[in-house]
Every structure is written in C-alpha cells, then in structure tokens.
Amino acid sequence: MDTSQKMFEQACQVMPGGVNSPVRAYRAVGMTPRFIRSAKGAYVTDVDGVEYIDYVGSWGPMILGHAHPDVLSAAAEAMQGGLSFGAPTGRETQLAELVVSMVPHIEMVRMVNSGTEAVMSAVRVARGATGKDKMIKFEGCYHGHSDSMLVKAGSGALTQGRPDSAGVPASIAENTLTATYNDLDSVEQLLAANKNQVAAVIVEPVAANMGVVLPAEGFLQGLRDLCDQYEALLIFDEVITGFRLARGGAQEYFGVRADLVTFGKIIGGGMPVGAFAGPKKLMEQVAPTGPVYQAGTLSGNPVAMAAGLAQLTILNEHPEIYTQIEADAAWLAQQLRALEAEYHLGCTVNQIGSLLSVFFTEHPVSNYAGAKSSDLERYAAYFRAMLKHKVYLAPAQFEAMFVGAAHTKQDLLATVEAARAVMAELSAKA
Ligand code: HOZ
C-alpha cells in the first residue's frame, strides 16, 4: 500500500468518500486518489514523491503554472497585512477595475468565493431584475452545486451517474428547464412554451463539464438573438472559459455579448474566488444599491485579491500567452488524433483554445448524448495507464484537459509518448 492509499483510508473515516469534492475520489477510474504534496509549474508531486505532468491545473485556474513566483509573492505580501478583514480594501477595487478593463460588455463586478456562489448570485440577479422565475440551462452543463442548477448537471454529478441531486426540492427544480446543447430549436421551444416566464438562459459558452464540447457555429449568437426576442437575459458561465480562452473570455473569443457573466477560481489565481459581472443597470440591482440580496465576509478577501491581481495582470500584459497555449493544445489534439488513426481505439478529440478532451467514442461529441456515448471503462483504463506514465489527467471522462503556459514542448512531447505507449497497450488488449 502506498502513502496515498494509506492517507485515503484515514480520510474516509472522517470525510464522505474521503474527499471534499466527489470527482477527486477517483471512483470513476477505479482506484484511490493520489494525495498531492506540492505543485510547481506544470507538475504536481504526490505524497510518495512521484512527479506528474499536470493537465488538471486545479481544474483550470493554474493557467500560468502552479506556484507562479509573482502570484506567490503577491499573496505572501498581502498575508503579512492580515488574512481577513470583512471590510473594503483598495485591492478589491483594483481587481474589479482590471476585470472590467479586460472583459467586454461589463461595467461592474461583485466578488464572491467560488463559481458556485457566482452562478447562484447571478441567477438571483436575473430573476430579481426580470421578475421572472424560470431558467433554461443545458443538459450536461455544470454551473456549480446550488439547488436550481443541479438539474441534468455535468461534472461530478454526471460522473456519479446522478445528474439530478437528492435534496433539491421539486418546487425549485421545476423552475429549471433543460435544453440540448448546440440545439437552438430546443431552446426556442422552451422559450415559446414558457412565454414571459424565463428570466435567463445560462450556458457554458464552451461546455467543459461533460468533457470539452465546442459551441457549433452560430449557436451562441443564436442564443443571444433568442434571448432578445423573448426578453430573457443571457448568462455566460465563464468559470472555465473566463480569462482562459482570451483575456476577455468567451465574449471576446466568439464576439457574442452576454448580459451577465460568472467567473470562478481563475480570477483568484487559484485562491477561492469567484465573481459575477455585468452592466451597471443589472449590477445595481444587487444590495446595497438594489433589492437582490447577496453578501459574504470572505468576499474580496485581501490575500485572494492580491493573488488574482497578480495573475490577471500577467495575463493582461502578455496576450501572447493565449496564442501559445492555444497552439500547444491544438498540437496535442492533432497528435492524439494521429495516435487514434494508428491504434483505432475509437476516440474523438475535441479542442478549443487551451482546452481539450479525449472522448472514448467514435461519434462526434457536440452535446450531452454524444458525451454519454463514451466508453467509461476505456477512459478509466486510459487514465490509469497515463498516470503510470506520470501524466496526471482528470479522473473522469466528463472533465477537461487544461494546457497552461508552464507546459514546455518537452512536456507535450513526453505526454504524446506516454499516450502512444498507452494506446498501443490498450489496443493490444482490445
Ligand atoms: N467539479 C469540479 C470539476 N469540474 C471538480 C472540483 C474538484 O474536485 O476540485
């Protein structure tokens, strides 16, 4: 038994499933999780001292690599001044100004502590501002674990095979309508059948919690047009795509305007931060200027703000990072497709920007049904073998692979060599 296994047994005695978030329990891949001791640049090191090339990146925020010196020193400096005040600080305004300057179509930001909280609050703003209760989301899209969003959800909910959670009152779930990703007709039907009742359509502009699924040409603009036609708001959940696809996130990348946007961990450089943002007329609905209540002692935490400011400043000043990580991810995707052509395991590789997924299905994956057609056993075998080759992937089919600025050409080549060995092995067994 290695140290991770021992630590996991101990953790299982005091935490449900031994973890604080289900996917990381590794149930979907049939093994016990690696316990991580430290991380630096493109690598994570487990408690037995084994170093892996990391494509999880703390589920996205580590776009510059782990423990980036500027981010660490900004956080360390802030820490010397105290950990939490529950009172305004200049850093909050600085970060809000930076976010407003980077992201199109927003004028105001409210900092919160996670993507879940950001979405929960943005949904409340949408309902408060429109006076309507219903929401449209997409099957397989994940927007955190608030009650109204745990309906046909992706990520851990999908991995567990329970996209609808126990404990969500039917009276809440019935206000969440679900449409099919990349299918505008399914959205229009819901809007037409629920005229003047839909507060907002919420979407991951690139779905990244059923694996990475690209929006079809015209899908996001089509949502914009439908929302205008039916007087509903459009919310982009940019917890994954924000500051990752481009400095201005999906709104900039696809040239489509959202009414409200939500951000997650990347905005805090990996610290527990989230935010929601939009034009003044919507954001001024939020307390204390408006009637939509939202609050939190840890919101705008000084250490988290400092780390976020350091990370976003680098991203803002170095747009070439986006060109590089997109090119690296595209190269990796192309290499993986070439391996598939050689070994015929039946996989489909989706990639956009620095996000990619290897789905173990031969069908094109453009929605939840496509993602669900994946052979999960085969993904699990692939995951376990890649881990043996020191490549750390998401321990579930329905998650993204994140390429970051710290991945070197050598890391990418080593990853392709690992994938070659693994695919050869799996194809020999098939
Ligand atoms: N739901 C997260 C991935 N989309 C996983 C969070 C975690 O386990 O840290």
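Before reading further, recall that the structure is shown in the block above.
The model shown is predicted, which means the values in this text are computed figures rather than measured ones.

A. View of the nonpolar core. Among the nonpolar cores identified, the biggest contains 70 residues, and Val99, Phe138 and Phe243 are the most heavily contacted of them. Every residue in contact with Phe138, bar those within four places of it in the chain, is listed here: Lys152, Ala179, Thr180, Tyr181, Val187, Val201, Ile202, Val203, Phe219 and Leu223. Within the second largest apolar cluster, 40 residues are counted, among which are Val29, Val416, Ala418 and Met423.

B. How the structure looks around the pairing of strand β10 (residues 274–278). Here β10 lies mainly inside the structure; five of its five residues are buried. Here β10 shows two buried faces, one formed by Gly274, Phe276 and Gly278 and the other by Ala275 and Ala277. Both strand β4 (residues 108–112) and β10 contribute to a ladder of five bridges, which runs antiparallel. Following the sheet pairing, Val109 is matched in β10 by Ala277. Of the strand pairs in this sheet, strand β9 (residues 260–263) and β10 are connected by three bridges, and their pairing is antiparallel. Residue Phe263 lies in a different strand from β10, and its bridge partner there is Ala275.

C. Region of the structure containing the site of the ligand. In the region of the ligand, the neighbouring residues are Ser21, Arg24, Trp59, Tyr142, Ser155, Asn209 and Glu399. In the environment of the ligand, an oxygen atom lies 2.7 Å from a nitrogen or oxygen atom belonging to the side chain of Arg24. A distance of 3.0 Å separates an oxygen atom of the ligand from a polar side-chain atom of Trp59. Considered on its own, the ligand offers 290 Å² of accessible surface; in the complex 86% of this is hidden by protein. Of the residues assigned to the shell around the ligand, the class counts are two nonpolar, three polar and two charged.

D. Broad picture of the packing of aromatic side chains. Enumeration according to the criterion identifies eleven aromatic pairs in this entry. Considering the side-chain rings of Phe138 and Phe219, the 5.6 Å spacing of their centres and the 75° angle between planes classify their relative orientation as edge-to-face. In this pair, Phe138 is assigned in strand β5 (residues 134–138) and Phe219 in helix α8 (residues 219–230), connecting sequence segments 81 residues apart. One aromatic cluster is present, formed by Phe138, Tyr181 and Phe219 through successive ring pairs. When the ring centre of Trp331 is taken as origin, the NZ or CZ atom of Lys409, which lies over that ring, is 3.8 Å away.

Calculation criteria
- Residues numbered from 1 in each chain as written.
- Predicted model: local features only at pLDDT ≥ 70, side-chain atom pairs only at ≥ 80, totals over all residues.
- Heavy atoms only, no water.
- Core = buried A, V, L, I, M, F, W, Y, C linked by side-chain atoms within 4.5 Å.
- Buried < 20%, exposed > 50% of the residue type's maximum accessible area, 1.4 Å probe, protein only.
- Contact = heavy atoms within 4.5 Å.
- Helix = DSSP H or I, 4+ residues; strand = E, 2+ residues; numbered from the N terminus.
- Pairing = 2+ DSSP bridges.
- Near = heavy atom within 4 Å.
- Polar contact = N/O pair within 3.5 Å; in protein donor to acceptor, adjacent residues only side chain to side chain.
- Areas by Shrake-Rupley, 256 points an atom, 1.4 Å probe, with all protein chains shown as cover.
- Nonpolar A, V, L, I, M, F, W, Y, C, P; charged D, E, K, R; others polar.
- Phe/Tyr/Trp six-rings, centres within 6.5 Å; stacked < 30°, edge-to-face > 60°.
- Lys NZ or Arg CZ within 6 Å of the ring centre and 35° of its normal.

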